[in-house]
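Examination of the molecular architecture
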Amino acid sequence: MPDSIPPRSCTSHTMITRTRHFFHYYANPGRFYHISTRIQPYVTYSALFFTFIGLGWGLFFSPPDWQQGDTVRIMYIHVPTAILASAGYAALALCGLSTLVWQHPLANLAAMEIAPVGACATALCLITGSLRGKPMWGTYWVWDARLTSVLILFFLYLGHISLIRAFEDKQRGYQAAAILALAGVIDLPIIKFSVDWWNTLHQPDSITLTRAPTISRSMLWPLILSMLGFSLGFCALVFARLRAAILEVRIRALLFPSHRRSNIV
Amino acid sequence: MTHPVFIIASYGITFIIVTVLSVEAALRLRRARTQLTVLEKNTSHSSNL
């Protein structure tokens, strides 16, 4: 083998080392604070821009559905919040994994700050779904597989929020919440495939990664824009909360210098 | 427009929840920044003494 081409195992080892360095570099709370402070205005203003355009287009300019009438306009909120509810929980599980494997202080803080925002997204998804369901199905709620699995996701978020605050030793709270976050990941594929596995009142997904969208382009574009706006808004909220949490940790460290580290971070 | 009550309720609740979350985050960040500035000033002042 020529000297210039490293053996395969060496290359993969270098990649693993680089990935590890990348995570360690950005997992530093102080470094994250400075980077997020710099990008926060861009994320926030982009979120406002895309949400305003997406919802404005959806509310005033997109056509009504032939079957659902104007209630289809609720979709421009319901679908982005549904996606964020699942994506937020996936992020929570990743933070849980980082907490259990590497005990990263930033992962602990991120999990603590993502959970309330994710819970609000899930609550919004359930509320807007009910408000869309009443005129279409004649009822606000049915114990349908999709609706029930999203309700379970909401309870998982509430459980995570409660567990973090339930222990006097913060590290134990983070670990218990991380275990719950990882165990609860099983709910995500159930939510995704519930409309395929069971005969549900909830309609099947209109946008998937594998098939062409089944909704009109005049509805698809405002939906994509509001999804982008809501996603950026979610990131902006988490960044702001996380920056506040990092500062609060610093304040506690200054106020109680002799306190155990586990109860500060 | 059909079913305006449901549409207005959906957009209204979303607006309220997003506003509450944003204001809470902004206030928390501002409070933490102010408190930290005061604390760091006091710490550096006491260390100079």
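Cut-off values and rules
- Residues numbered from 1 in each chain as written.
- Chains lettered and ligands numbered in written order.
- Predicted model: local features only at pLDDT ≥ 70, side-chain atom pairs only at ≥ 80, totals over all residues.
- Heavy atoms only, no water.
- Helix = DSSP H or I, 4+ residues; strand = E, 2+ residues; numbered from the N terminus.
- Expected span 1.5 Å × (residues − 1).
- Buried < 20%, exposed > 50% of the residue type's maximum accessible area, 1.4 Å probe, protein only.
- Salt bridge = Lys/Arg side-chain N within 4 Å of Asp/Glu carboxyl O.
- Core = buried A, V, L, I, M, F, W, Y, C linked by side-chain atoms within 4.5 Å.
- Contact = heavy atoms within 4.5 Å.
- Axes fitted to C-alpha atoms, helices over the stretch in contact; angles between N-to-C directions.
- Parallel < 35°, antiparallel > 145°, perpendicular 65-115°, else oblique.
- Left-handed = near helix turned anticlockwise from the far one by under 90°.
- Bend = angle between axes of the 7 residues up to and from the residue.
- Polar contact = N/O pair within 3.5 Å; in protein donor to acceptor, adjacent residues only side chain to side chain.

1. Some points on helix 4 (residues 105-137) of chain A
The first and last C-alpha atoms of helix 4 of chain A sit 46 Å apart over 33 residues, in line with the 48 Å expected at 1.5 Å per residue. Of all 33 residues in helix 4 of chain A, 27 are buried, a share of seventy percent or more.

2. Examining the pattern of salt bridges
Residues and elements named next belong to chain A. Under the defined criterion, the tally for this structure stands at 6 salt bridges over all chains. Between Arg-241 and Glu-113 there is a salt bridge, and its shortest N-O distance comes to 3.0 Å. Of this pair, Arg-241 sits in helix 8 (residues 217-255) while Glu-113 sits in helix 4, placing them 128 residues apart in sequence. In this structure, Arg-241 and Glu-113 share a single accessibility class: buried.

3. Some points on the nonpolar core
Where a protein is soluble and globular, its nonpolar side chains tend to be buried together. Among the nonpolar cores identified, the biggest contains 71 residues, and Tyr89(A), Leu92(A) and Leu109(A) are the most heavily contacted of them. The set of elements that each furnish at least two residues to this core consists of helix 2 (29-61), helix 3 (75-102), helix 4, helix 5 (145-166), helix 6 (170-183), helix 7 (187-197) and helix 8 of chain A together with helix 1 (4-48) of chain B. The leading source of residues in this core is helix 8 of chain A, at 18 residues. Aside from chain neighbours lying at most four places away, what touches Leu92(A) is Ala111(A), Ile114(A), Ala115(A), Tyr157(A), His160(A) and Ala181(A).

4. Some points on the packing of helix 3 of chain A against helix 4 of chain A
Residues and elements named next belong to chain A. At a minimum axis separation of 8 Å, helix 3 and helix 4 run at an interaxial angle of 155°. Taken together, the axes of helix 3 and helix 4 lie roughly antiparallel to each other. When the axes of helix 3 and helix 4 are compared, the crossing they make is left-handed.

5. Considerations on helix 2 of chain A
In the structure, helix 2 of chain A departs most strongly from a straight axis at Ile39(A), where the bend amounts to approximately 40° and where the proline Pro41(A) lies between one and four residues downstream. Where helix 2 of chain A begins, the side chain of Asn28(A) points an oxygen toward the backbone nitrogen of Gly30(A), at a separation of 2.8 Å.

6. Some thoughts on the packing of helix 4 of chain A against helix 5 of chain A
Residues and elements named next belong to chain A. For the pair helix 4 and helix 5, the least separation of the axes is 9 Å and the interaxial angle reads 155°. Comparing their axes, helix 5 and helix 4 come out roughly antiparallel. With respect to the hand of their crossing, helix 4 and helix 5 are arranged in left-handed fashion. Contacts between helix 4 and helix 5 involve Ala-111, Met-112, Ala-115, Pro-116, Gly-118, Ala-119, Thr-122, Ala-123, Cys-125, Leu-126 and Trp-137 from the former and Leu-147, Val-150, Leu-151, Leu-153, Phe-154, Tyr-157, His-160, Ile-161, Ile-164 and Arg-165 from the latter.

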